Structures are given as C-alpha cells and as structure tokens.
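Observations on the model geometry
In case you want the letters, here they are:
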Amino acid sequence: MTLLIPLGIAGVEYGWRIIAAILVLLTIVYFSYRQTIAAYPSGGGSYTVATENLGEKPGLLAAAALMIDYILTAAVGISAGVTALTSAVPRLQPHTLLICLVILALLAIVNLRGVKDTGTAFILPTFLFVGTLLTLIAAGMWKTVLTGGHPMPVAPVPPPLPATVGALGTWMLLKAFASGCAAMTGVEAVSNGVMAFGEPRVKRAQRTLTVIIGILMVLLFGIAYLAKAYRVMPMEPDITGYQSLLSLLVTVVFGRGWFYYLTMGSVLLALALSANTAFADFPRLTRAIAMHDYLPHVFILRGRRLLYSHGIYALTGFTAVILILFRGVTDRLIPLYAIGAFLAFTLSQAGMVVHWLKMEKHPGRLWHAFVNGFGAVATGITTIIVLIAKFTAGAWVTALLVPTLIGIMMVVKRHYTRVKREMADMTPLNLANLEEPIVVIPMARWDRISEKAMRFGLLLSKEMKVVHVHSDDEEGSLDEAWDKFIRAPIKREGLPEPELVTIPSTYRFIIGPLMDYILELEQKNPGRKVAVLLPELVVRHWWENALHNQRVQLLKLLLLLKGNQRIVVVNIPWYL
C-alpha cells in the first residue's frame, strides 16, 4: 500500500484488490503445503523435497533461497516491530537501528535457552497480538456497518497525500503485488518443522498450518477493509513523525487511549518475535544441508541444551549485518524480501509433483500431483513477477547472493569429498618400517616448562635435538645451563644424550631460523617422522595471553601450513 501512495486516496481501492489476489495465492499455497506435510512427516522443507525429487542442483537452489529468506525474515520482523514502537513514540525514531540490534540480541539469548523456554516466552505476546488486532478489525467493521459504510474517525490522522499519478499502471501494480507477497513468507516454516510436533505429528502440523493461514487471511482482509472504509493510506516512511498503517488504523477506530498503546505494544512484541520463525527453522535447515556435506559440519553439532547453537550464531550475525546495512528501515528491506520464499515454494511444489508421480500405488496420486503442480505454476509465476518488479529496487542483491551461496556450498562439498577420499583406508594396519621419530624441542631457556618437554621427549625417542636460537645481544646462553642441569642428569641415568643445536640469529629473528632448521631436518631424513614438541604456558584468564608472547602459536601455525605428513606437532602445556 505504501507503493500506491502516488495514487492518493484511490490507492485504497487498488490496495483492496491486490490483497484479494494475494489471499487467493495464499489459499493455493496452503493446500499445496498440507500435502507436503502429509508426504514428509519427518520434515518436508523445500531443500529436502527438491533434493530428493529434483536432484542436487535444484536442492542447492532451494537451500540458498531459503537461507536468504530466513535471514530476511528475522531482519524484517524485527524492523517492523520497531516501526510500531517508533510510531507510538516518535522521539525514538533516531534510535531505530540500536533498538533493532538490542531485540536481535535478546532473541538470540532466549533461543539459546532451548525450545521449551523459547515457546513459553512467546505465548503471551502472540495471543495479545492476535487478540488486539482481531478486536480492532471487529470494532472497525461493526462501526462501519452501523454508519452505513461511512464510519467517522475517533481521532484525526494525517490526510492522504495528493495524487501524483492518474491511474494504476502495470508496473506499479506488479510492484505493489510483489511487495504484498512478503506476507506469505512464513508458510514454509510448518512443513520444515513437522518433527517438532507431538504425535499424531501430521495432523497437528496440518492443524497448525490451518490456524496460521486462517489468522493471516483474516488479518490481511480486515486491515485492507478498514483502510478502505476509513479511507486511510500509509505515510511516506522517510518523513518526520512517520506512523505505520496499523498505527493510523488503531487511531481512527479507538483513538490514542490505552487500547492504542496496548495494541502497538503487542505489535512490537509479536512482529519482533515473528523473527523466531527464522530462529526455529534456520538451524534445522543448515543442519540438513550440513548432513549432505554442503555446509561446515559444525552446524550438525548440538549445544548444551540440545539445540543447533551454531545455526543460531550464524543467523544472528547475518541478520545484524543486514539491519546495519539498511539501518533497520522496513521499507528498505522489503525489496529484498519474498524472492527466496517464492523460489523455495516453487521448487518444493515441483518436487512434490515428482514425488506423487513416483508413488504408483497411491490411490489419489494424480489429484495430489495436480494440486501441487497448480501450486508450483502459481508460485513460479509469482517468483518471476517479484523478481522483475523488485529487481532495480534491491532484488538484484538477492539474485546475486543465491548463486554466490550455491558456489560456496559446492566448494564446501568438494572439500569434504576430498577429505573422505584421502582418509578412506580399508587396508590392515601397516607395521612395516616403524622407527622412533626425531624429536625437536625449541628451547629459549631452562625452566620448568622446558623440563616437562624434555621428560616427555626422552620417552618418545632416543634421538632428540634441542634447538636454541641465540642472538648477539641476548644475555646468557642455554650453553651455561646445558651441562649442569640437562646433560649431567641424563648421563647419570645412562640415557641417550640429546644434541644441543644453537642457531645464531643476527637480527633477533626466532621463528624463521627454527622453521628452516625443522624443514631441513625433515628433508635430510626421508622416511622418518619429526616430532616437534612445543612447550606452552597456559594462563588462567584469557586476557593474560596478551601479557606473553605468542611465538609458540605462530610456530605451530607455520608448521601446520608448511609441514607435511612426516612432521608432527605436539603441545606440551604448563598450567599456571
């Protein structure tokens, strides 16, 4: 409806018709996803359905589209909730971004508490949101009927802007329809999370989907009806004193009393918490993708409260970036929105057609295939409309991100495939040519950490080399302590004497000479392993690391990067 502002008050009539078209499309998607839930009781998200029925590449397309959609779902939900707050309290408008980020952090913390705690926290705001909006719609309709279709506003609101366009053009119609389709983006969530329901799982999931779609249709229809009856149009989002359309409708129906603030508070809570759809399903989606090796396996791991915490971390980070880039303004985010959802809808429904055609013994398979096929055609056409209408307004970002994500997932898959290929070994344990390794211990001075490394090194091998890098301005030398504290005790016990290797370093370089020596030693001893023992001080508090040099960490990193299969790095920790 914001896009119809150039039509003036005539935009209300066109907005009513566009929302009617969206409701028809919503009905089609509803029946399509009821079948998806029944066919995939363990979770039938677009990625799963597309991968199993259409193949790897369509599955990755669905995965990329869904990931982007969930990130935008979180960002748009939070920003829309904050818009309700700034509409009620205009002086908070300059702090929109900060409030968005605070709400995002709170959502992440609540979700990290676990599924049960999350559900409990969201029950009251959700019921309050639905209750206040249904009361608004019922009261507004009742007043409209009593006044013969011409209700009087209880309190004045800014008048609609004068028309700058004479009639609705095709391009404006497409853009308005494309933006309105953003209301449908949460439909995927139920089919993706069927496993979260108790038994009978399918019936409960279908019932939940029915309730969600029913409430959504009533709210969309009711808001459009009230806007038409009270002749209320949205305000330009960038002007000072901006109010959302919901704020204007509550004002004309009830005024700015206690019910206004109760309603706007519930809108703030519910729209901000609607981002929880993403927090619930994004970790499940990334886990499903990671199970097929297309994302890092860290997304498979469950946290302390048996939830996929790394998925929550990733969603929080990406959502924060989006909010910062677009400064938390909902109307700037909307052009990026809905493309991913409708692309996922289309792939899911096309996959379901293939699924039903495979089910040769299913009695109603052709009818089910028709329903899903009709849904695929409807959402496919909508995807094209949304992409074209929103392309120049920002949809090109989404269109660019989707192939980028697919490319990243392919690279990750290639890495895991290579790892599995190289690690696979079905041969018996090879015990030929077993030799003790050459032990190398870098040592700056003789102390208790060095002693621990020496004791361990003597257990590992009879051939041990203690490497000391000595610079000209260094006070003292390891040579002074060598005979008395190291060599003499070893000699008394009759153990093989280690070799002290002193490397002069004119410019006080330490890491370079050590690396050169270790790599040269490995080259001169083909067939033998070189075990590098790295004495390391472990402090009690993380900030204490800044008080000690990190040469050991750097040397370890370089050995892992430049070494090969015959160089082994062993940490020798000393705990303070």
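Residues numbered from 1 in each chain as written. Predicted model: local features only at pLDDT ≥ 70, side-chain atom pairs only at ≥ 80, totals over all residues. Heavy atoms only, no water.

Comments concerning the layout of surface pockets
The gaps of empty space that remain are located by a probe, the size of a water molecule, rolled over the atoms. The calculated volume of the second largest pocket comes to roughly 940 Å³. In terms of lining, the second largest pocket is formed by 32 residues, of which the most central are Ala444, Arg445, Asn549, Arg551 and Val552. When residues of the lining of the second largest pocket are traced back to their parent elements, those giving at least two are α16 (448-460), β2 (464-471), α18 (511-524), β4 (530-538) and α19 (551-562). Per-element tally for the lining of the second largest pocket: the top contributor is β4, with 5 residues. (1 Å grid on protein atoms, 1.4 Å probe; cavity = no way out; pocket = protein on both sides within 12 Å on 5 of 7 lines; lining within 4 Å. Points joined across faces, edges and corners; volume = space filled by probe spheres on them. Helix = DSSP H or I, 4+ residues; strand = E, 2+ residues; numbered from the N terminus.)

Let's talk about helix α3 (residues 56-88)
Over its 33 residues, α3 runs 48 Å from end to end, which matches the ideal 48 Å to within 8%, given 1.5 Å per residue. Most of α3 sits inside the fold, with 29 of its 33 residues counted as buried. (Expected span 1.5 Å × (residues − 1). Buried < 20%, exposed > 50% of the residue type's maximum accessible area, 1.4 Å probe, protein only.)

Describing the confidence of the model for the chain
When pLDDT is averaged along the chain, the result is 83, and 94% of the positions lie at 70 or above. Here helix α13 (residues 330-333) stands out as the least confident element of the chain, with mean pLDDT 73; strand β1 (residues 438-442) is the most confident, with 92. (pLDDT = per-residue confidence, 0-100.)

Points about the nonpolar core
In terms of nonpolar packing, the biggest core is built from 92 residues, with Ile78, Ile103, Leu107, Val187, Leu209, Ile289 and Met409 touching the most fellow members. When residues in this core are grouped by element, the largest group, 15 residues, is from α3. Among residues more than four places away in sequence, those in contact with Met409 are Leu60, Ala63, Ala64, Met67, Ile289, Tyr294 and Leu295. By size, the runner-up hydrophobic cluster in this structure holds 28 residues, among which are Leu133, Ala139, Leu226 and Tyr260. (Core = buried A, V, L, I, M, F, W, Y, C linked by side-chain atoms within 4.5 Å. Contact = heavy atoms within 4.5 Å.)

Notes on helix α9 (residues 245-254)
Taken across its 10 residues, α9 has 9 buried, putting it largely inside the fold. Restricting attention to buried positions, one finds in α9 the residues Leu245, Leu246, Ser247, Leu248, Leu249, Val250, Thr251, Val252 and Val253. In the segment just after α9, Gly255 is the residue with positive phi, at about 80°.

Describing the packing of aromatic side chains
Geometry of an aromatic ring pair is reported as the spacing of the ring centres plus the angle between the planes. By the definition in use, this model includes 9 aromatic pairs. With centroids separated by 5.2 Å and ring planes inclined at 75°, the aromatic side chains of Phe342 and Phe345 adopt a geometry described as edge-to-face. Here Phe345 and Phe342 lie together in helix α14 (residues 339-358), a separation of 3 residues that amounts to about one turn. In this structure, Phe342 and Phe345 share a single accessibility class: buried. Members of the aromatic cluster, each reached through a chain of ring pairs, are Tyr33, Phe342 and Phe345. Directly above the ring of Phe254 sits Lys143, whose terminal nitrogen or CZ lies 5.6 Å from the centroid. A cation sits over an aromatic face here: Lys413 above Tyr294, 5.1 Å from the ring centre. (Phe/Tyr/Trp six-rings, centres within 6.5 Å; stacked < 30°, edge-to-face > 60°. Lys NZ or Arg CZ within 6 Å of the ring centre and 35° of its normal.)

Structural notes on the pattern of salt bridges
Throughout the structure, instances matching the rule amount to 15 salt bridges. The closest approach of N and O atoms between Arg201 and Glu199, which form a salt bridge, is 3.9 Å. With its nearest N and O atoms 3.4 Å apart, the salt bridge here joins Lys462 to Glu436. On the criterion of sequence distance, the pair formed by Lys462 in the loop between α16 and β2 and Glu436 in the loop between α15 (365-423) and β1 is long-range, its members being 26 residues apart. (Salt bridge = Lys/Arg side-chain N within 4 Å of Asp/Glu carboxyl O.)

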